[in-house]
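# Observations on chain architecture
Each chain, written out:
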Amino acid sequence: MVKLVVEVLDANDLMPKDGHGNASPFVEVVFEEQRQRTSTKPKDLNPCWNEKLAFNIQNPRDFPNKTIEVLVYNDNNNGQHKNFLGRVRISGMSVPLSEHEATVLRYPLDKRGPFSRVKGDIALRLYAVHGGFDEFHSFDPVKQVLHQAEPVDNHYNHNHNNHHHHHDHKGPETTSTPLQEINNTNKFEDEYYYKENHEKNIKKKKEKEVRTFYSLGTGSGGGGPPPPPAEKPVFVETRSDFHKAGAAPAATMMQMQFPGQKPEYGVVETRPPLAARMGYWGRDKTASTYDLVEQMNFLYVSVVKAKDLPVMDMTGSLDPYVEVKVGNYKGVTKHLEKNQYPVWNSTFAFSKERLQSNLIEISVKDKDFGKDDFVGKVLFDLAEVPQRVPPDSPLAPQWYKLVDKKGDKFNHGEVMLAVWMGTQADEAFSEAWHSDAHSLSQHSLANTRSKVYFSPKLYYLRAHIMLAQDLVPSDKGRQPDTFVKVQLGHQIRVTRPSPMKHVNPEWNEELMFVASEPFDEYIIISVEDRIGPGKDEVIGRIFIPVREVPQRVETSKLPDARWFALQKPSMAEEEGDKKKEAKFASRILLRLCIDSGYHVLDESTHFSSDLQPSSKHLRKPSIGLLEVGILSARNLLPMKGREGRMTDAYCVAKYGNKWVRTRTLLDTLHPRWNEQYTWEVHDPCTVITIGVFDNCHINGKDDVKDQRIGKVRIRLSTLETDRIYTHSYPLLVLSPSGLKKHGELHLAIRFTCTAWVNMVAQYSRPLLPKMHYVQPISVRHIDWLRHQAMQIVSAKLIRSEPPLRKEIVEYMLDVDYHMWSLRRSKANFHRIMSLLSGISYVARWFGGICYWKNPLTTILVHVLFLILVCYPELILPTIFLYLFVIGLWNYRLRPRIPPHMDARLSQAENTHPDELDEEFDSFPTSRPSDIIRMRYDRLKSVAGRVQTVIGDLATQGERALSILSWRDPRATAIFIIFSLIWAVFLYVTPFQVVAVLIGLYVLRHPRFRSKMPSVPVNFFKRLPARSDSLL
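As the structure is a computational prediction, the values presented were derived from the model and not from experiment. (Residues numbered from 1 in each chain as written. Predicted model: local features only at pLDDT ≥ 70, side-chain atom pairs only at ≥ 80, totals over all residues. Heavy atoms only, no water.)

### What to know about the overall build of the chain
Going by this rule: In this text, helices come from DSSP runs of H or I with a minimum length of four residues, and strands from runs of E with a minimum of two, each type numbered from the N-terminal end. With a 1.4 Å probe rolled over the protein chains alone, any residue whose accessible area is under 20% of its type maximum counts as buried; one over 50% counts as exposed, and the rest are partly exposed. Contacts were defined at the residue level, with two residues in contact if any of their heavy atoms lie within 4.5 Å. Using a 1.4 Å probe, the Shrake-Rupley method yields the accessible areas, and only the shown protein chains count as cover for residues.
Across its full length, the chain carries 18 helices and 38 strands. Per-residue burial for the chain yields a buried fraction of 47% across its 1031 residues. Contacts in the chain between residues at least 24 apart in sequence constitute 69% of all its contacts with a sequence separation of at least 6. Accessible surface, the chain as shown: approximately 54,900 Å² in total, 56% of it carbon and sulfur.

Right, here's the structure in full:
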């Protein structure tokens, strides 16, 4: 008996059907009036069935003409009611006749009718077998691997001293990773299904969690013998759900956990199959440019133009467009009205792993009100498409004759096309129409493309307002109360009123602004008279182009001050030749300059990505390269669940003045970007920021904001040079409702140093340019200027296409970092306490020495102390040698992962909801008065504690100053007499003897100690302070 075996593996991105953004899917397979179904997976839009269904084939000779229908339904009421989620029809001709030839294929789900809402795909494996099916039915690859891994875990828990015995029956082959055991056992060509199901089954069956103590496999899958167990073994799990590769080695992960931190907030180390790790150098051209990402293959179709197209309408006109169809995916160019020689210049990219057809059909059609007319088509066989690998030159397009529906050639009508197979390294990748965005319009498509942006070059503009002469106020009977208002773009600064209330006032005040190239703005300076409260009158005004302001490099001499003629507001708007007719005018003395020696801060200095001065002449050469591969994201939350969609995710990375934006992957919770970017590094003590966002503008809406999914900050100085870091970072977002994990971001990072001497020298140089220290800017002005710089950067980037919107720039630059937050204050307090804990530990250790808690250690300290007293020249060498040994000892405990957003350090896990509501409140506040009163009372209590601590510190300092001030005559007399006695004693006694006596007294045995405070402490606490003089 011949049987048909249908393996239903899993499905991705199914349509939500239960009204809550979810579905409970099951699969029903129909073949020759035989109907079987799988189990129901409740509330899972990415279900994993892993089930086999068997059907009898009545007539094997007629099997190629049969159709297998696979239907996916949503179980609405325990099987009583079901909603259609999609279907797949497979011809028997495409089913292999042996299990060995069968492969896993992913089929996009088709609609049942024109009004069906269907999306997603399903993974199936079909084959025909001869004989009984029982021998195949009991095989479950995931259960087999879990069964094989259980003895490893149990054996370690019961007899970890002999943990290597469970390898004896397999020999040296057991050093491979568990994922390779899966592939070797099942012999499937497509590993993706097993990798996905292995990860999902691990999550669903925690009682059978795989815990393997293998050494990490190398690129070839080999490895050394298992290491001996440590006191706290590191659990290494397989983690390959971040990639989908053919026969590449399995990825592994290492869970990094810290005390008190939830495991889901930790960083996971992964091992994706990257070319940089697998030895592809010199063999694959893409490895030299895209070696930090997994290679993704695409079918590219470039539609350039057409000529001599036939007229299809009765009116003699033709509105042509091109439709490119590959399987169930279809891309369309824009139509051009009344044009027989159209030019489109459009490129289409189809993901190779989702191609379900070997035929590429390129049709030219005529746009019409009803049904579009067919003009002609060109067919390509996918097997004949050439492969193009950069840096090869682009494929030259060629002219192809159009054929009709029967395949006969026309006498006229040609289209210029280029068809090739490429990767994401192709130049056409960023501008191409992608098959996952087939439902978008041409206008919305622009918001999904990957782009590179550059921030405008910013400068500080310094305006020194000195004085004015011969002002003419409107009311000559009163002395004017004048001030100067300076405006540059949206920046407005005002001087203090002049202390000299007459027509020749002086201010002598400096104001600073942020200017950006190309300096196309005007500085508007107006002298105003304050007539009354809220009523000001403009006396004179002047417009100065920014491009005419001289630049100052570093600490060179300031430009000379200049007199500028003030014009009345009415005259300032007249023509220049009319201005010259005025024989007398008020004037103002100004010194204007553009300081290009500063670095304009648009980020906080704690995690700034650029510290270079504005002037290109002062910038140092780069010291290295930073390469970042944005691989994928996993387990994202559905941000558009209310709309019946998932998440349209894209990434933004910012380092220096270069911003990058990946393409938007539509309607998926597991996007795979695999895009690589490079930055020049000028200072290793900088930070790169990578954020993930949900695109809310793909439907043409302009009044919405892109939603935050999370971000990651990585300091370059914490990275080892030339090492590839591949980790999965948690995407944490703090909202008024609390801390949420929105998913995981998978990155590959490599920092390469090109100038070792310059990089080492950077650690001896100041962090900021020289001007910040020679002529420092006050903290109050720095905060205001940082806000203005952020506004300018946001205004420039929002005018790009696609735009980087204001909410993106503000989130990446942490514009609200300096706002008041009780949670952040607690975090900073705990940071200080953790620093003081080290000093406390040393004090406790020294106290234990003094109290002889460990007599042997105390005796050794006595010996060391006597040696250092006898040979004082050994003190400093001993200290530095001790520091060297400590550093060398800590090398084995060095951090293995880059820093990440720490929820425990941020005090974000258990924050009170009212504290979060206060943190996210607007400025000024918009909360009701009773809440404001409660928060004010809480702030008073916190400030009271701070006030008490500051008062205690002031008291101790005043007591120290009062020792010789004769505020307490008896205390001062006692101290100076005691000082005289000690001076005589130290003069006649050798220093070594004094040091030995003091040391032995401090280290004396507890039998000679008293529990009462010492005499010096009692004397100090009795000294007077000024706290009793406070009201």
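### Some words on the side chain of Thr 347
Here Thr 347 shows up in strand S15 (residues 343–351). In this structure Thr 347 comes out as buried when scored by relative accessible area, which is 18%. Ignoring anything within four residues of it in the chain, the contact list for Thr 347 reads Tyr 300, Val 301, Ser 302, Ala 428, Ala 432 and Trp 433.

### Some details on the pattern of salt bridges
For the record, the criterion: Whenever a carboxyl oxygen of Asp or Glu lies within 4 Å of a side-chain nitrogen of Lys or Arg, that contact is scored as a salt bridge.
Overall, the coordinates contain 53 salt bridges when judged by the stated rule. When the shortest N-O distance is used, the salt bridge between Lys 66 and Glu 32 registers 3.9 Å. A residue pair is termed long-range when its members are at least 10 positions apart, and Lys 66 in the loop between strand S4 (48–56) and strand S5 (67–75) and Glu 32 in the loop between strand S2 (25–31) and strand S3 (34–37) qualify at 34 residues. Between Arg 927 and Asp 921 there is a salt bridge; the shortest N-O distance is 3.5 Å. Judged by its relative accessible area of 27%, Arg 927 falls in the partly exposed class.

### A look at the packing of helix H9 (residues 779–797) against helix H10 (residues 806–813)
Using the following cut-off: The convention used is that axes are lines fitted to C-alpha atoms, helices contributing only their stretch in contact, and that angles between N-to-C directions extend from 0 to 180 degrees. Put simply, angles under 35 degrees are roughly parallel, angles over 145 are roughly antiparallel, angles from 65 to 115 are roughly perpendicular, and the rest are oblique. In this scheme the crossing of two helices becomes right-handed for a clockwise turn of the near helix relative to the far one and left-handed for an anticlockwise turn of less than a right angle. Any residue that is not Ala, Val, Leu, Ile, Met, Phe, Trp, Tyr, Cys, Pro, Asp, Glu, Lys or Arg is counted as polar, Gly included; the first ten are nonpolar and the last four charged.
Running from amino to carboxyl end, H9 crosses H10 at an angle of 140°, the nearest separation of the two axes being 9 Å. For the element pair H9 / H10, the angle class is oblique. Pair H9 / H10 crosses with right-handed handedness. For the pair formed by H9 and H10, the contact residues are Met 790, Gln 791, Val 793, Ser 794 and Leu 797 on the first element and Lys 806, Val 809, Glu 810 and Leu 813 on the second. Residue classes in the contact of H9 with H10 are distributed as five nonpolar, two polar and two charged.

### Describing unusual backbone geometry
Residue Pro 518 is reached from Glu 517 by a cis peptide bond, and omega for that bond is 15°. Along the chain, Pro 518 falls in the loop between strand S25 (506–516) and strand S26 (522–532). Geometrically, the link from Glu 801 to Pro 802 is a cis peptide bond, its omega value of 0° lying close to zero. Position of Pro 802 among the secondary structure elements: in the loop between H9 and H10. One non-glycine residue, Phe 519, adopts positive backbone phi at about 55°. Relative to the helices and strands, Phe 519 is located in the loop between S25 and S26. Assessed through its relative accessible area of 11%, Phe 519 is described here as buried. Positioned with a positive phi, Asn 674 is a non-glycine residue whose angle comes to about 55°. Secondary-structure assignment places Asn 674 in strand S34 (residues 672–681).

### A look at helix H11 (residues 822–850)
The criterion, for reference: In a helix, the anticipated span is given by 1.5 Å times the number of residues less one.
Compared with an ideal rise of 1.5 Å per residue, which puts 29 residues at 42 Å, H11 spans 41 Å between its outermost C-alpha atoms and is within 8% of the ideal. Buried within H11 we find Leu 822, Arg 823, Ala 827, Gly 848, Ile 849 and Cys 850. Considering only its buried residues, H11 is in contact with strand S37 (724–735), helix H12 (855–870), helix H14 (913–919), helix H15 (929–961) and helix H17 (991–1002). Where H11 ends, the next residue or the one after it, Trp 852, has phi of about 55°, a positive value.

### Notes on the sheet that holds strand S7 (residues 105–108)
Through backbone hydrogen bonds, the strands of a sheet pair up, either in parallel or in antiparallel fashion. Defined as follows: Strands were regarded as paired on the criterion that DSSP finds at least two bridges between them.
The sheet built from four strands is open, its strands ordered S4-S1-S8-S7 with antiparallel pairing. Taken across any chain shown, the strands that pair with only one partner, and hence form the sheet edges, are S4 and S7. Taking each pair of neighbouring strands and ignoring which way they run, the sheet shows an average axis angle of 30°.

### A closer look at the sheet that holds S3
The strand order across the open sheet built from four strands is S3-S2-S5-S6, with neighbouring strands paired in antiparallel fashion. For this open sheet the edge positions go to S3 and strand S6 (82–91), each flanked by a neighbour on one side alone. When strand polarity is set aside, the average angle formed by the axes of neighbouring strands in this sheet is 20°. Pairing of S2 with S3, which is carried by four bridges, proceeds in the antiparallel orientation. Pairing of Val 29 across the sheet is with Gln 36, part of S3.

### Some points on the packing of aromatic side chains
Rule in force here: Centre distance within 6.5 Å is the pairing criterion for rings of Phe, Tyr and Trp, where only the six-membered ring of Trp is used; planes under 30 degrees apart are then read as stacked, over 60 as edge-to-face, and the remainder as tilted. Geometrically, a charge over a ring is one whose NZ (Lys) or CZ (Arg) sits within 6 Å of the ring centre while staying within 35 degrees of the ring normal.
For the coordinates displayed, the defined rule picks out 16 aromatic pairs. Residues Phe 348 and Trp 433 carry aromatic rings whose centres are separated by 5.4 Å and whose planes lie at 65° to one another, so their mutual orientation is edge-to-face. Of this pair, Phe 348 sits in strand S15 while Trp 433 sits in strand S20 (residues 433–434); the two residues are 85 residues apart in sequence, bridging distant segments of the chain. Side by side, Phe 348 and Trp 433 carry an identical accessibility label, which is buried. The residue whose ring lies beneath Arg 713 is Phe 607, and the NZ or CZ to ring-centre distance is 4.1 Å. Here the guanidinium or amino end of Arg 1004 rests over the ring plane of Tyr 1001, the centre of that ring lying 4.2 Å away.

### Re the confidence of the model for the chain
Stated precisely, the cut-off is as follows: Per-residue confidence from the predictor is reported as pLDDT, a score between 0 and 100.
When pLDDT is averaged along the chain, the result is 80, and 83% of the positions lie at 70 or above. Across residues 280–287 the pLDDT falls below 50, and counting only partners more than four positions away or on other chains, this stretch makes 18 contacts in the model. Taken together, the stretch residues 575–582 has pLDDT below 50 and engages in four contacts with residues farther than four places along the chain or on a different chain.

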